[in-house]
Amino acid sequence: MKVLSGIQPTGRFHWGNYFGAIRQYIDLQSNEQAFYFIADYHALTTVRKPDELKGYVKDAALDLLALGLDPAQASLFRQSDVPEIPELTWLLMTVTQMHLLEKCVSYKDKKERGIAADAGLFTYPVLMAADILLYDSDVVPVGVDQVQHIEVTRDIAQRFNRTYEVEALKLPTAKVVESSAKVPGLDGEKMSKSYDNTIELFDTPKRTKKRINSIKTDSTAVEDSKDPESCSVFDLYKLFATQDQQNELAAKYRAGGMGYGEAKKTLYEAAMDYFGEARQRREQLEKDPDTVEDILRQGARQARDVGRVVLDRVRSACGLTAAN
Ligand code: ADP
Ligand code: TRP
């Protein structure tokens, strides 16, 4: 079974990205073949500062490797290191109906929020379809918000196959993992870099503490009983704690006498502990940029080896000469 997923380098990764996406990707890396990539072409639809983009791509690679992505098991690469992707995008574009893209939520949302829509944003799902179809991927682990794009990918693949009366493209399946339930941000809304309510995975301990301290809580007095189930601090604590630890903190909430400050301290300690080893690995890797670059280049070579075969199949299906 071939697994593939991508993540956009549009900011520093936060707890929502980890529990909603990255953790699931890494869990699937022992499959027969696994491809994970940093979607820098997609990021160009929002990040317009070259140095910022470079920084996010570097951080993304460091974060993924530190969090346990193992290059011996999975190929990790930058999307822009695989020129077969934009080539396949064009071929797919010629069979993609406008209405498929017009109904895509990501485009509709941005347009409704008054963000100028360019052709890149509009055709974003076709680039994503090429990302997936280029390797005959079977399974695509994604957050709930991306399921529509996988449906579009299947529609495009089917239409290509039907148009050319050949099974040139394999239909992938989305794998939505249950824990991709919303991770709340500082304000209780979904954690997202667009809302400036995130807690980054590898921020400094000092800033992490500051962010945790700014999680919104109600004004129940220290001595009063509190409801853990309606508190973002407790919600976030659940991500890191065992059932026994959760029961223990919940009991303290209900008993009264514990202020939110203490709950936040417990959350901070649990999070630092949970990501402690990853943080150390990240610090080591950061000192060794050549190794990280080698991993990305090797990953791109592996991706291209598989992708070129599929691309040739697609090229000849539509009457173009094979590239190899
Ligand atoms: P952001 O909302 O910060 O811009 P992205 O849209 O780049 O994050 O998200 C990348 C992946 O992380 C997506 O698959 C998404 O489902 C997941 N994700 C992001 N935020 C959360 C969250 N608060 N809870 C659960 N999953 C999330
Ligand atoms: N659009 C995805 C996101 O924002 C990232 C992505 C790009 C992706 N290409 C992909 C995910 C292919 C899965 C498969 O999260």
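In this text, all values refer to a predicted model and were calculated from it rather than measured experimentally.

Attention now moves to the site of ligand 1. Neighbouring residues of ligand 1: 15 residues in total, closest His-14, Asp-145, Val-183, Ser-192 and Lys-193. Within the backbone of Val-183, one N or O atom sits 2.9 Å away from a nitrogen atom of ligand 1. When isolated, ligand 1 has an accessible area of 540 Å², and the protein chains bury 87% of it. For the shell around ligand 1, a count of residues per class yields 4 nonpolar, 7 polar and 4 charged.

Within a regular beta strand, the side chains point alternately toward one face of the sheet and then the other, so they alternate between its two faces. Here strand S1 (residues 2-7) lies mainly inside the structure; 5 of its 6 residues are buried. Two elements, S1 and strand S2 (residues 33-38), share 6 bridges in a ladder whose sense is parallel. Bridge pairing in S2 links Leu-4 to Phe-35. The parallel pair S1 and S2 is bridged by helix H1 (residues 15-27), and the resulting crossover is right-handed.

Another point: the pattern of salt bridges. With the rule as written, the count across this model stands at 22 salt bridges. Between Lys-170 and Asp-138 there is a salt bridge, with its nearest N and O atoms 2.9 Å apart. Placement of Lys-170 in the loop between helix H9 (147-164) and strand S5 (173-176) and of Asp-138 in the loop between helix H8 (124-133) and strand S4 (139-142) is noted, with a sequence separation of 32 residues between them. As a salt-bridge pair, Asp-305 and Arg-308 come within 3.3 Å of each other at their nearest N and O atoms. One end of the pair, Asp-305, and the other, Arg-308, are both in helix H15 (residues 289-317), 3 residues apart, so they sit about a helical turn from each other.

The tally for this structure, following the rule as stated, stands at 21 aromatic pairs. Taking 5.6 Å as the distance between ring centres and 75 degrees as the angle between the ring planes, the aromatic pair formed by Phe-234 and Tyr-253 counts as edge-to-face. Within this pair, whereas Phe-234 is found in helix H11 (residues 232-240), its partner Tyr-253 is found in helix H12 (residues 243-255), the two being separated by 19 residues in sequence. Neither Phe-234 nor Tyr-253 differs from the other in exposure class; each is buried. Taking 5.0 Å as the distance between ring centres and 80 degrees as the angle between the ring planes, the aromatic pair formed by Tyr-274 and Phe-275 counts as edge-to-face. Residue placement shows Lys-226 over the ring face of Tyr-260; its charged tip is 5.6 Å from the ring centre.

This part covers the domain arrangement of the chain. Interface extent is often summarised as the accessible area lost during association of the parts. Segmentation of the chain into domains returns domain 1 (2-182 + 289-318) and domain 2 (203-274). Its C-alpha centre places domain 1 at a distance of 36 Å from the equivalent point of domain 2. Contacts between domain 1 and domain 2 engage 4 residues on the former and 7 residues on the latter. Summing both partners gives a buried area of about 480 Å² for domain 1 against domain 2, and 80% of it is carried by carbon and sulfur. The tally of links between domain 1 and domain 2 comes to 1 residue pair in polar contact (both at pLDDT 80 or more).

For the rest of this paragraph, the subject is the packing of helix H3 (residues 50-66) against helix H14 (residues 276-286). Contact pair H3 / H14: the axes reach a minimum separation of 8 Å and the direction vectors enclose 130 degrees. Between H3 and H14, the angle is such that the two are oblique. H3 and H14 meet at a crossing whose hand is right-handed. Of H14, the residues touching H3 (which contributes Lys-58, Asp-59, Leu-62, Asp-63, Leu-65 and Ala-66) are Ala-278, Arg-281, Arg-282, Leu-285 and Glu-286. In the contact of H3 with H14, the residues fall into 5 nonpolar, no polar and 6 charged.

Rules and cut-offs
- Residues numbered from 1 in each chain as written.
- Chains lettered and ligands numbered in written order.
- Predicted model: local features only at pLDDT ≥ 70, side-chain atom pairs only at ≥ 80, totals over all residues.
- Heavy atoms only, no water.
- Near = heavy atom within 4 Å.
- Polar contact = N/O pair within 3.5 Å; in protein donor to acceptor, adjacent residues only side chain to side chain.
- Areas by Shrake-Rupley, 256 points an atom, 1.4 Å probe, with all protein chains shown as cover.
- Nonpolar A, V, L, I, M, F, W, Y, C, P; charged D, E, K, R; others polar.
- Buried < 20%, exposed > 50% of the residue type's maximum accessible area, 1.4 Å probe, protein only.
- Helix = DSSP H or I, 4+ residues; strand = E, 2+ residues; numbered from the N terminus.
- Pairing = 2+ DSSP bridges.
- Right-handed = clockwise from strand over helix to strand, strands pointing away.
- Salt bridge = Lys/Arg side-chain N within 4 Å of Asp/Glu carboxyl O.
- Phe/Tyr/Trp six-rings, centres within 6.5 Å; stacked < 30°, edge-to-face > 60°.
- Lys NZ or Arg CZ within 6 Å of the ring centre and 35° of its normal.
- Domains from an automatic or database assignment.
- Contact = heavy atoms within 4.5 Å.
- Buried area = accessible area lost by both parts, 1.4 Å probe.
- Axes fitted to C-alpha atoms, helices over the stretch in contact; angles between N-to-C directions.
- Parallel < 35°, antiparallel > 145°, perpendicular 65-115°, else oblique.
- Left-handed = near helix turned anticlockwise from the far one by under 90°.

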